[in-house]
Structure formats: structure tokens, C-alpha cells
Amino acid sequence: MNAIELGPLVLSGERFAIIVGVAVFLLGTGVLASRVSPRFNGWSTAAALGGLGAARLAHVITHWSYFADDPLRAAAVWQGGFIWPWALLPVAVAAVVMLRERRLMLWAAAPVIACALAWTATERLTSGTEPVAAPSMTLARLEGGAVNLATVDGRPTVINLWASWCPPCRREMPALARAQDAHPDVRFLFVNQGEGPAKVAGWLEEAGLEVDNVLLDPAMAVPRHYGTAGLPVTLFLGPDGRLARAHVGEIAPEQIDAGIARLR
């Protein structure tokens, strides 16, 4: 669900669409460089890097309150977070500066349009989310007691699938812990995959994290129910317990808040 498996690599539909779009763009500019003008070689590189950089910068500026305490996180492009209309400006500027001729600028529109079409089609095909109901499954809480995932209490639910051996899981956990504190009207469930209570408790203590509702899923049954692949995965469930969105891979603080806002 919402992910593409390429051998050991698991990509979200959004990230896979970006790769497909950029690949189509570079393929198209390569054809133009060989058949129309070699100037397209330099332009393609400048346009691709400039477009990605501008789209990321726009995201950082728009969500600056999330980056102010950790500006270096702007370089964490693997988390996602781009505002793509901003990419058109450096693409156009590079075309004027490097292609120079109007004829070549008109040719340049072809790979840009092909990129947009491939990108959009791929994302729509790979990023759909089925409204799967929560499983009737009871998991032990690290703090004691148990939780039935099918039980709803009128609040939206965020389920994070994680493990202590997973570097992206470790990086995103502080942001999820802060979100749990900031959103008492949302139920957070941290479902550990395949590790014992001593291992989980030891890592949380070592990391200095205090989170509620840490659940143990030794059989890794929750990802099978939702059809997810890889770790980490963050699931956003509506108040009725049905899946509204799945985020595959490391999640950023602004993406957590945006996912919760959509549930409301």
C-alpha cells in the first residue's frame, strides 16, 4: 500500500513519482541534446538541480517555524517536502541563460511537460489509500495492560510502526513524541515490530524519550493487516478507525501536523 519495493529499497508513492518524473525529464533532454543542440546537456542538469532546490526551499520557507530550531534539517530531502510550482522559476531562468535561442526554449517545454505528466500519473497510481478498518487485534502495552486496535474513542489515531534497529525510526521518534504531547485530542500508538519489552524499554531510556502507548507486535501482524512494507510507517486513522493516509518512510514534524489537520 502506498509504496514501491525495489529489492531491499522501499519507496513511498510520492518519492517514486519524483524519481520517475526526473528520469523522464533527463531522458527527454538527453534526446534533445543528441538531436537538436548539445546546449540541452548543461541546461538539463541546471534545471533539475535548480528546480529541486527551489521546491525544497519553498517548503522550508513556508514551514519555517518547524525548521527554526534545526535549520540543518532543510537538507533532509529524504523526508519529502517540496512545493513544486517554485521549480518552474529556475527551470525558466536556466533556459533563458543557457539555451538563449527561442527555438531551443520552445523545445525545452517538451521534457518539462513529459516530466509533469509522468510524475502525476505515477503518483496517482501508487499513492492511493484504501479506507481499511483497524484490526481487531489486542497488543500488550509496554507500560502494562493491553490495547485493542479496533477500539475507537472518538479521536483520530496515529499509529507509528517502528523498531529500535531502524535509523529512520530513531530519527523521527522525537518529533512523534512532541506531537503526542502537543495533540492530546489525538490517540498515538507506537507499535514496535518484533522486539522484546526489555529491548524496547532499554532503547527508549537510552534515547531519553517518554511516550505513552508503546505497543508490542512480536508477530508483526499490524503491517500485514494494512499491507505496508518497510519501516518506519505512520498511519493516520479517522475517528471511525478507518485508514485515511499512510506515510511510508521517515516523517517530518510538519508532515505529522499536516496529517492530523487532514483528519479533522
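Predicted, not measured: the structure shown is a model, and the values here were computed from it.

A.B. asks: Any chance you could explain the sheet that holds strand β7 (residues 214–217) here in plain terms?
C.D. replies: Strand pairing within a sheet occurs via backbone hydrogen bonds; the two strands may be parallel or antiparallel. Sheet architecture is open: seven strands sit in the order β4-β3-β7-β6-β5-β8-β9, paired in mixed fashion. Among the strands making up the open sheet, the edge pair consists of β4 (146–148) and β9 (243–248). For this sheet, the mean angle separating the axes of adjacent strands, direction not counted, is 30°. Relative to strand β8 (residues 233–237), strand β5 (residues 157–162) runs antiparallel, the two sharing five bridges. From the neighbouring strand, valine 158 faces β8, where its bridge partner is phenylalanine 236.

A.B. asks: Help me out: how do you make sense of a nonpolar patch on the surface in this one?
C.D. replies: Together, Leu89, Val93, Val96 and Val97 line one region of the surface with nonpolar side chains, adding up to about 380 Å² of accessible area. Here valine 97 is to be found in helix α4 (residues 88–99). Valine 97 gets classed as exposed once you look at its relative accessible area, which sits at 55%.

A.B. asks: Would you mind showing me how to read the environment of arginine 141 here?
C.D. replies: Position of arginine 141 relative to the elements: it lies in strand β3 (residues 138–141). A C-alpha to C-alpha distance of 42 Å links arginine 141 and tryptophan 84, two positions 57 residues apart in sequence. With residues up to four places along the chain from it excluded, the contact list for arginine 141 reads Ala146, Val147, Asn213, Val214 and Leu215. In terms of polar contacts, arginine 141 uses its side chain to reach the side chain of asparagine 213, at 3.2 Å.

A.B. asks: Just to check I follow, could you spell out the state of the cysteines for this structure?
C.D. replies: As used in these notes, a disulfide is a covalent bond between sulfur atoms, one from each of two cysteines. For the coordinates displayed, the defined rule picks out one disulfide. Residue cysteine 166 pairs covalently with cysteine 169 via a disulfide, S to S 2.5 Å. Across the disulfide from cysteine 166 to cysteine 169, rotation about the S-S bond amounts to roughly 80°, and the bridge is consequently right-handed. Of the two residues, cysteine 166 and cysteine 169, both sit in the buried class.

A.B. asks: Would you take a moment to explain the pattern of salt bridges for this structure?
C.D. replies: Tallied over the full model, the rule gives six salt bridges. Measuring nitrogen to oxygen at the nearest pair gives 3.7 Å for the salt bridge that ties glutamate 101 to arginine 103. For glutamate 101, a relative accessible area of 34% translates into the label partly exposed. Exposure remark for arginine 103: the relative accessible area of 45% places this residue in the partly exposed category. Between glutamate 250 and arginine 171 there is a salt bridge; the shortest N-O distance is 2.8 Å. Of the two residues, glutamate 250 is situated in the loop between β9 and α9 (253–263) and arginine 171 in helix α6 (residues 167–182); the sequence distance between them amounts to 79 residues.

A.B. asks: Sorry, what's going on with the packing of helix α2 (residues 39–62) against α4 here?
C.D. replies: For any two helices packed against each other, one specifies the inter-axial angle together with the distance between the axes. Where α2 contacts α4, the two axes come as close as 8 Å, and the packing angle between them is 155°. In this view, α2 runs roughly antiparallel relative to α4, as classed from their interaxial angle. The handedness of the crossing between α2 and α4 is right-handed. Residues Arg39, Phe40, Gly42, Trp43, Ala46, Ala47, Gly50, Gly51 and Ala54 of α2 form the contact with α4, whose own contacting residues are Pro90, Val91, Ala94, Ala95, Met98 and Leu99. Of the residues in the contact of α2 with α4, the class split is 11 nonpolar, three polar and one charged.

A.B. asks: Help me understand the environment of histidine 59 in this model?
C.D. replies: Secondary-structure assignment places histidine 59 in helix α2. On the basis of relative accessible area, histidine 59 is assigned to the buried category, the value being 6%. Taking the C-alpha atoms as reference points, histidine 59 and tryptophan 84, separated by 25 residues in sequence, lie 9.0 Å from one another. When residues no more than four places from it in sequence are discounted, the contact partners of histidine 59 are Phe67, Gly81, Phe82, Ile83 and Glu254. Engagement of the side chain of histidine 59 in a polar contact is seen with the side chain of glutamate 254, the distance being 2.8 Å.

Quick notes on the rules
Residues numbered from 1 in each chain as written. Predicted model: local features only at pLDDT ≥ 70, side-chain atom pairs only at ≥ 80, totals over all residues. Heavy atoms only, no water. Pairing = 2+ DSSP bridges. Helix = DSSP H or I, 4+ residues; strand = E, 2+ residues; numbered from the N terminus. Axes fitted to C-alpha atoms, helices over the stretch in contact; angles between N-to-C directions. Patch = residues over 30% accessible without salt bridge, like charges linked within 9 Å, V, L, I, M, F, W, Y side chains within 5 Å. Areas by Shrake-Rupley, 256 points an atom, 1.4 Å probe, with all protein chains shown as cover. Salt bridge = Lys/Arg side-chain N within 4 Å of Asp/Glu carboxyl O. Buried < 20%, exposed > 50% of the residue type's maximum accessible area, 1.4 Å probe, protein only. Contact = heavy atoms within 4.5 Å. Polar contact = N/O pair within 3.5 Å; in protein donor to acceptor, adjacent residues only side chain to side chain. Disulfide = S-S within 2.5 Å. Parallel < 35°, antiparallel > 145°, perpendicular 65-115°, else oblique. Left-handed = near helix turned anticlockwise from the far one by under 90°. Nonpolar A, V, L, I, M, F, W, Y, C, P; charged D, E, K, R; others polar.

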